[in-house]
Amino acid sequence: MSLEERASVCTFDCPDTCSITVTIDDGRVAKVRGSHALPYTAGVICTKVARDMEAFVHGPQRLLYPLRRTGSKGSGQFERISWEAALDEIHKRVDEVIGRWGPQAVLPLNYAGPHGLLAGDSMSLRFFHRLGASQLYRRALCGGVRSEAWAGTYGAVPGCPPDFAEGAKLNLVWGNNATVSNVHLVRGIRKAKRRGGRLAVIDPLRTKIAEQADLHLQTLPGTDTPLAWAVAAELERAGKLDKEFIAANVLGFDEFMARAREWPVSRAASVCGVPEDQIRTLAEWMAEADPLVVAPGNGLERGRHGGGAIRAIVALPALLGKLGRGNGIVLGASNSFPKTLAKLQRPDLAPAGTRTLNILDIGRHLAEDDLDPPLRAVFIYNHNPIVVHPDQNRMRRGLAREDVFTIGIDVAMTESLAHCDVVLPAATHFEYSDLYSSYGHHWLQRAEPVIAPLGESLPNTEIFRRLAARFGFDEPCFRASDAELMDDAVDSEDARLNGVRPSRIPVDRAVQMKGADGKPLVLFENVFPATPSGKIELKSEALAARWGAQALLPEWREPDADYPLRLISPASDERISSTLGGLPGSRRAPPLLMHPEDAARRQLASGGEVKVWNERGEVILPLKLTDAVPPGVVASEKGAWLATSRTGQTISALVSADMRADVAEGACFNDTRVEVGPS
């Protein structure tokens, strides 16, 4: 036995982007634990990464060789082929598609499996841009609503470091299942509580962080906008607004408050499903707290009014003048890095007029053939669309088409890859070099491989280099090394890198992004709003120009209801979205959480299986009765693979792919109506 410890970074879709130490035993990943290379994560990692990495890398689900489909799409029947044969077949079939339909009949269908700047999208987009393939607007699936709402209000700047939670007199966690998906924020909150700070949580689900709260407002899903308006109106009524700060720094105050005043506490309490005194207490605590730290989460954006909700929430610290000096909003961290994505991804290679398709529409485009030219070749990588996309059944029908040539690139045989004609084995993040920014903190990291690629697997960058060569793309940008790609990804001349080239960042030490004063980036200290007006824009002409007149100010209206129960899909402590979904810990169906009152009306008993359905599909889940959800709301974790349900469907089958958020055309996972009955 020869044990070695090597530095690495966790690349999964999580805001924490932890530094890790990997124990290698004779070329195998034997153990993973947190390291101190990144001071923010400070040697702590989540349970699932500590537990599951050996199985993730070396388990039986791992893809090791190129494969060609031999059975029907979805059957999982494949034969092993060589890399040369795989590349030849991809070139031949894609070239046939382009010859008949043109290059826009080809589509990259990818998202955020690994979050490294190279594995995520570097050589891959160079290839698709040069090919002339249809481009993909990906952010509608997740993140776009949050980013647009933030940028529309404050500009493309970072808020405050998540470390601020440690010193807060009040931490307000809003729509953020932080214990499962933001563990280091929780560590900071616990430190603050030990020092006498308070914690308020707003969430329809009594999450673990809500259980630890001094105040939990268990709202109905999608009612965050009227709640934020009511808090603003109550702060004004109590004379707590910072008029001097508002006059100097806020645009659209009068219009915003005109809407807020329509929502007195009594009206908001009725619509949100919470007691009036809780709203008043929240407003009082926010006014008293100095510092105040607000940490909005991903759950907020997943509804029709997601953008307005985030905008109304992030307006509250501005109304109180509580920005800087330890106060802040934990958002916008990705804006702290001097990325040069155009240099990395080379959109200039794409022909003028190339169309861009919304990722949420791809299932419809495939299933209904409603495009000209139609989609006839699809590359799936860094993504498991059948599990992750709304309207799962439509996506599955689309990927089952025999006349669409589909290429899959992944580390494991997912349900989506089972529908592919050719499958290419991707390396895990332990097997290649990459550069890691974060959407949750302000530290840049680099990692090198800790083991060699298993079998014949290859990093995404090398796979697309080989594809580019096979297609005859001989421009120098397709021969760039991974080190050169890193230097293309981030501006090495920017002062935030302290003169260090991105490809030379030490693997045992993260680089903190700092302001010109050498201090951490903090909004209203060394970072200021980057909106068109240079102010905090509660009224945004920029958002209205991009997304329509309804985005000028936050809006809200009572939703229509075809089914009686509201379904929400929180994150799991077993998976990161669908990643790790093929491992043993995720092979059980996640239960459906239901309030006892709703179960009694339907004569349902805890522990049995129930059918959850609407017009798009039906899912069989074990039932768990609990008051962790309020009456009228049911919850089941996202990301479960199809094998966990007897119907071969998961809760993504019940979500509309056509309903869109008020900005960024975002997916509305938490705006889903269902009924529940005996299975």
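Structure's up top.
Quick notes on the rules
- Residues numbered from 1 in each chain as written.
- Predicted model: local features only at pLDDT ≥ 70, side-chain atom pairs only at ≥ 80, totals over all residues.
- Heavy atoms only, no water.
- Helix = DSSP H or I, 4+ residues; strand = E, 2+ residues; numbered from the N terminus.
- Rg over C-alpha atoms; globule rule 2.2 N^0.38 Å.
- Buried < 20%, exposed > 50% of the residue type's maximum accessible area, 1.4 Å probe, protein only.
- Contact = heavy atoms within 4.5 Å.
- Areas by Shrake-Rupley, 256 points an atom, 1.4 Å probe, with all protein chains shown as cover.
- 1 Å grid on protein atoms, 1.4 Å probe; cavity = no way out; pocket = protein on both sides within 12 Å on 5 of 7 lines; lining within 4 Å.
- Points joined across faces, edges and corners; volume = space filled by probe spheres on them.
- Nonpolar A, V, L, I, M, F, W, Y, C, P; charged D, E, K, R; others polar.
- Pairing = 2+ DSSP bridges.
- Axes fitted to C-alpha atoms, helices over the stretch in contact; angles between N-to-C directions.
- Parallel < 35°, antiparallel > 145°, perpendicular 65-115°, else oblique.
- Core = buried A, V, L, I, M, F, W, Y, C linked by side-chain atoms within 4.5 Å.

A. Representation of the overall build of the protein. Within the protein, the secondary structure is distributed over 22 helices and 27 strands. Relative to the globule expectation of 26 Å for 679 residues, the C-alpha radius of gyration of the protein, 25 Å, shows essentially globular dimensions. Counting over 679 residues, the protein shows a buried share of 64%. Pairs at least 24 residues apart make up 76% of the contacts formed inside the protein by residues separated by at least 6 positions. A total of about 24,400 Å² of accessible surface is found on the protein, and carbon and sulfur atoms cover 48% of it.

B. View of empty space enclosed by the protein. Tallied over the full model, the rule gives four cavities of 30 Å³ or more. In this model, the largest cavity occupies a volume close to 110 Å³. Among the residues making up the lining of the largest cavity, the classes are represented as three nonpolar, four polar and four charged. For the second largest cavity, the calculated volume is near 50 Å³. Pro590, Val619, Leu621, Ser636, Glu637, Gly639, Ala640, Thr644, Thr650 and Ile651 are the residues that line the second largest cavity. When grouped by side-chain class, the residues that make up the lining of the second largest cavity number five nonpolar, four polar and one charged.

C. Highlighting the sheet that holds strand E3 (residues 28-34). Overall, antiparallel pairing links the three strands, which are arranged E1-E2-E3 in an open sheet. The sheet is open, and its two borders are formed by strand E1 (3-9) and E3, each paired with just one other strand. Each neighbouring strand pair of the sheet contributes to a mean axis angle of 30 degrees, computed without reference to strand direction. The sheet contact formed by strand E2 (residues 19-25) and E3 spans six bridges and is antiparallel. Note on E3: the bridge partner recorded for Thr21 is Arg33.

D. A look at the packing of helix H9 (residues 224-237) against helix H11 (residues 253-260). Contact geometry of H9 with H11 gives a least axis separation of 8 Å together with a crossing angle of 105 degrees. Between H9 and H11, the crossing angle belongs to the class labelled roughly perpendicular. Contacts between H9 and H11 involve Trp229, Ala232, Ala233 and Glu236 from the first element and Phe253, Phe256, Met257, Arg259 and Ala260 from the second. In terms of residue class, the contact of H9 with H11 is made up of seven nonpolar, no polar and two charged.

E. Structural view of the nonpolar core. In this structure, Ile90, Phe127, Tyr154, Ile279, Leu319, Phe379 and Phe430 are the most contacted members of the largest nonpolar core, which totals 138 residues. The dominant element in this core, judged by the number of residues it contributes, is helix H14 (residues 306-320), at nine residues. Residues in contact with Phe379, not counting those within four places in the same chain, are Ile90, Val94, Val106, Leu107, Pro108, Leu109, Phe127, Phe128, Ile407 and Leu467. With 34 residues, the next largest nonpolar core counts Leu109, Ile362, Leu417 and Val423 among its residues.

F. Fine view of the sheet that holds strand E27 (residues 672-678). Spatial strand order, E22-E26-E23-E25-E24-E27: six strands in a closed barrel with mixed pairing. Pairs of neighbouring strands in the sheet enclose a mean axial angle of 45 degrees, with direction left out of account. Note: strand E22 (residues 565-568) against E27, three bridges, orientation antiparallel. Following the sheet pairing, Leu565 is matched in E27 by Val674.

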